[in-house]
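Letter by letter, the chains look like this.
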Amino acid sequence: MEEFRNIGIIGRLNSNKVIETVKRLNRYLIDEGYHVILDDRIAEVMPGHGMQVSKVNMLGEICDLVIVIGGDGSLLGAARALAKYNVPVLGINRGRLGFLTDISPDDEMCEAVQAVLDGDYVEERRFLLDAEVKREGNPIASGAALNDVVLHPGKSARMIAFDLYIEGQFVYNLRSDGLIVSTPTGSTAYALSGGGPIMHPRLDALVLVPMFPHTLSSRPIVVDGKSEIKIVIDASQDIYPTVSCDGQTHTPCAPGDSVTIRKKAHKLKLIHPKQHNFYEICRTKLGWNSSVGD
């Protein structure tokens, strides 16, 4: 069991409810004798807080635990920054779905956090993806993603033509609105909306989901998580698509560019309350019917 004494707090900006939750949790942790460090961005909108402040990358170096208050999008951003530091991350949901941020900000929030601090938690290792865009063989941009890497038309409403390779083997040439390359973590996000399967977070696999393909036989493919995925944008077209990582970082591409996607070396250490249950979350968040005994 890890000992959590130095606790970082990251909060989603532009939300009064998040600020209220940060303040309440901050007061509780200080009263209980923990050392709290605020992410510098949330600290800017909390004048007079009197707390130690740090950039998000430094939180990974100096904290025993980082708590993210916001939605899944907030945790995605934190994951990309913190994964390489192997610091545990805990989420408090101030968003909509909350697949990753699973502690409720209700009256029992502080008790739920305290249970985690006392060692009553479960830990998961979630892998991320690295994406590299090359032009004429030279790298021009890179990004990381916990959920997915997506090739899409950007502002255009036209289909993209591209070749797909998996582990160096040609798979197909496709015309579609793009391609979603998703981790198991992201399988309940954009990939699910595109018709992809739900994958249990512990799977070592990737799912490739074509977006509105021109051929009806183009279906989602699940491949080994260690596979190298390469997308080559057709050089003969005049579409300039975009590659997005977690829907938060975006790289404009040109005809003839290639996108290589592979598993990132570092994993996110994500922790949950002891009663965390992936299938219960799916029932709750996705509106699945409960059994008679529930």
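Heads up: the structure comes first, above all this text.
Definitions and limits used
- Residues numbered from 1 in each chain as written.
- Predicted model: local features only at pLDDT ≥ 70, side-chain atom pairs only at ≥ 80, totals over all residues.
- Heavy atoms only, no water.
- Core = buried A, V, L, I, M, F, W, Y, C linked by side-chain atoms within 4.5 Å.
- Buried < 20%, exposed > 50% of the residue type's maximum accessible area, 1.4 Å probe, protein only.
- Helix = DSSP H or I, 4+ residues; strand = E, 2+ residues; numbered from the N terminus.
- Contact = heavy atoms within 4.5 Å.
- Salt bridge = Lys/Arg side-chain N within 4 Å of Asp/Glu carboxyl O.
- Pairing = 2+ DSSP bridges.
- Axes fitted to C-alpha atoms, helices over the stretch in contact; angles between N-to-C directions.
- Polar contact = N/O pair within 3.5 Å; in protein donor to acceptor, adjacent residues only side chain to side chain.
- 1 Å grid on protein atoms, 1.4 Å probe; cavity = no way out; pocket = protein on both sides within 12 Å on 5 of 7 lines; lining within 4 Å.
- Points joined across faces, edges and corners; volume = space filled by probe spheres on them.
- Nonpolar A, V, L, I, M, F, W, Y, C, P; charged D, E, K, R; others polar.

## Concerning the nonpolar core
Within the largest apolar cluster, 28 residues are counted, with the highest numbers of intra-cluster contacts made by Leu25, Leu38 and Ile67. Contributing elements (two or more residues each) for this core: strand E1 (6-11), helix H1 (16-31), strand E2 (35-39), helix H2 (40-43), strand E4 (65-70), strand E5 (89-93) and helix H5 (109-117). Excluding residues within four positions of it along the chain, Leu38 makes contact with Ile9, Val22, Ala43, Met46, His49, Met51, Gln52, Val53 and Ser54. Counting 27 residues, the second largest nonpolar core, distinct from the first, contains Phe127, Leu179, Ile229 and Val259.

## What to know about the environment of Pro213
Examined against the element boundaries, Pro213 turns out to sit in the loop between strand E12 (205-211) and strand E13 (221-224). Using a relative accessible area of 22% as the deciding quantity, one classes Pro213 as partly exposed. When the C-alpha atoms of Pro213 and Ala112 are compared, they prove to be 45 Å apart, with 101 residues separating the residues in sequence. In contact with Pro213, other than residues within four places in its own chain, are Met159, Leu174, Arg175, Ser176 and Ser218.

## Observations regarding the pattern of salt bridges
Following the criterion strictly, the structure yields 13 salt bridges and no others. Asp40 is the salt-bridge partner of Lys55, the closest N and O atoms lying 3.3 Å from each other. You can see Lys55 sitting in the loop between strand E3 (52-54) and helix H3 (56-62) and its partner Asp40 sitting in helix H2, a full 15 residues away along the chain. A salt bridge links Lys263 to Asp204, with the nearest nitrogen and oxygen atoms 2.7 Å apart. Highlighted residues: Lys263 in strand E17 (residues 258-273) and Asp204 in the loop between helix H6 (190-193) and E12, separated in sequence by 59 residues. Since its relative accessible area comes to 34%, Asp204 is described here as partly exposed. In the salt-bridge network here, residues are joined through shared partners; they are Asp204, Asp224, Lys226 and Lys263.

## Points about the sheet that holds strand E11 (residues 178-182)
Strand order in the open sheet made by the six strands is E13-E12-E11-E8-E15-E16, with antiparallel pairing throughout. Edge positions in the sheet fall to E13 and strand E16 (249-252), since each has one partner strand and no second. If you compare each strand with its neighbour and ignore which way they point, the axes differ by 15° on average.

## Some thoughts on the environment of Ile69
Locating Ile69 in the fold gives a position in strand E4. For Ile69, a relative accessible area of 0% translates into the label buried. In the structure, Ile69 is positioned 56 residues away from Leu13 in sequence and 9.8 Å away in space, judged by C-alpha atoms. Apart from the residues lying within four places of it in its own chain, the contact partners of Ile69 are Ile9, Ile10, Gly11, Arg12, Val18, Thr21, Val22, Leu25, Ile92 and Arg94.

## Section: the side chain of Ser187
Inspection of the secondary structure puts Ser187 in the loop between E11 and H6. Here Pro184 takes part through its backbone oxygen, which lies 2.8 Å from a polar atom of the side chain of Ser187.

## So, the layout of surface pockets
Estimates place the volume of the largest pocket at around 410 Å³. Together, 19 residues line the largest pocket, and Asp102, Ile103, Ser104, Pro273 and Gln275 are the ones closest to its centre. Of all elements in the fold, only H5 and helix H7 (278-286) reach the threshold of two or more residues within the lining of the largest pocket. Residues of the lining of the largest pocket, tallied by class, amount to six nonpolar, eight polar and five charged. In this structure, the second largest pocket spans a volume of roughly 340 Å³. Taken together, the residues of the lining of the second largest pocket break down into five nonpolar, seven polar and four charged.

## Here we look at empty space enclosed by the protein
Remark: the empty space left among the atoms is shown by a probe the size of a water molecule rolled over them. Summed over the entire model, instances satisfying the criterion amount to one cavity of 30 Å³ or more. In this structure, the largest cavity occupies an estimated 70 Å³ of space. As for the largest cavity, its lining consists of Phe99, Leu100, Arg126, Pro184, Thr185, Thr188, Pro201, His276, Phe278 and Ile281. Here the lining of the largest cavity is built from residues that sort into six nonpolar, three polar and one charged.

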